[in-house]
Amino acid sequence: MTVQEFLPYITVALALLTFFLGRISVSKDEGKRDGAMLTEIGYVKSGIDDIKRWQREQEQQSIDILSRLSAVEQSAKQAHHRIDEIREHCCGD
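Procedures and definitions
- Residues numbered from 1 in each chain as written.
- Predicted model: local features only at pLDDT ≥ 70, side-chain atom pairs only at ≥ 80, totals over all residues.
- Heavy atoms only, no water.
- Helix = DSSP H or I, 4+ residues; strand = E, 2+ residues; numbered from the N terminus.
- Rg over C-alpha atoms; globule rule 2.2 N^0.38 Å.
- Buried < 20%, exposed > 50% of the residue type's maximum accessible area, 1.4 Å probe, protein only.
- Areas by Shrake-Rupley, 256 points an atom, 1.4 Å probe, with all protein chains shown as cover.
- Lys, Arg positive; Asp, Glu negative; His and termini not counted.
- Charge placed at Lys NZ, Arg CZ, Asp CG, Glu CD.
- Patch = residues over 30% accessible without salt bridge, like charges linked within 9 Å, V, L, I, M, F, W, Y side chains within 5 Å.
- Salt bridge = Lys/Arg side-chain N within 4 Å of Asp/Glu carboxyl O.

Describe the overall build of the protein, naming the residues involved and giving the relevant values.
Per the secondary structure count, the protein includes 1 helix and 0 strands. In terms of overall dimensions, the protein is more spread out than a globule: its C-alpha atoms have a radius of gyration of 40 Å, far above the 12 Å expected for 93 residues. In terms of principal-axis extent, the alpha carbons of the protein reach across some 130 × 10 × 10 Å. For the protein, with 93 residues in total, the buried portion stands at 0%. Accessible surface computed for the protein: about 8,800 Å², of which carbon and sulfur atoms make up 63%. Charge separation in the protein, taken as the distance between the mean sites of 12 positive and 15 negative side-chain charges, equals 5 Å.

Encoded structure:
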């Protein structure tokens, strides 16, 4: 066989090789984009987890403050009751 007879086979082989190399390159680029997107999604998820943690802490602080407020209200109520008793005993109102 001569070179002219091999030329179509060589051309087809080079075309296929170029096609597959292009696909590999595209796959790598898509992989890089997918990896970057997954990284960004990870950052967003981490931020959401931080916000949820902060929210739980705030809820716990609110519960603590409400329980302390309730105790203060009870104490003030008892103090007013004692003050009224002292006024009645002392001043005779």
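That shown, we press on.
Describe the environment of Gly22, naming the residues involved and giving the relevant values.
On the secondary structure map, Gly22 appears in helix α1 (residues 3–91). Assessed through its relative accessible area of 30%, Gly22 is described here as partly exposed. Distance from Gly22 to Glu59, taken between C-alpha atoms, is 55 Å for residues 37 residues apart in sequence.

Describe a nonpolar patch on the surface, naming the residues involved and giving the relevant values.
A surface patch of nonpolar side chains, amounting to about 720 Å² of accessible area, comprises Phe6, Tyr9, Ile10, Leu14, Leu17, Leu21 and Ile24. Of note, Leu17 is situated in helix α1. On the accessibility criterion, Leu17 (48% relative accessible area) is partly exposed.

Give a detailed account of the pattern of salt bridges, specifying residues and quantitative values.
Any two side chains of opposite charge can pair, given that their charged atoms come close. Within this structure, the stated rule accounts for 2 salt bridges. We note a salt bridge from Lys45 to Asp49, for which the minimum N-O separation is 3.4 Å. Of the two residues, Lys45 and Asp49 both sit in helix α1, 4 residues apart, roughly one turn of that helix. A residue is classified by how much of its surface remains accessible, and Lys45, at 53% relative accessible area, is exposed. We note a salt bridge from Arg53 to Asp50, for which the minimum N-O separation is 2.9 Å. Taken as a pair, Arg53 and Asp50 lie in helix α1 at a separation of 3 residues, close to a single helical turn. A residue is classified by how much of its surface remains accessible, and Asp50, at 39% relative accessible area, is partly exposed.

All quantities given are derived from atomic positions and should not be read as evidence of function.
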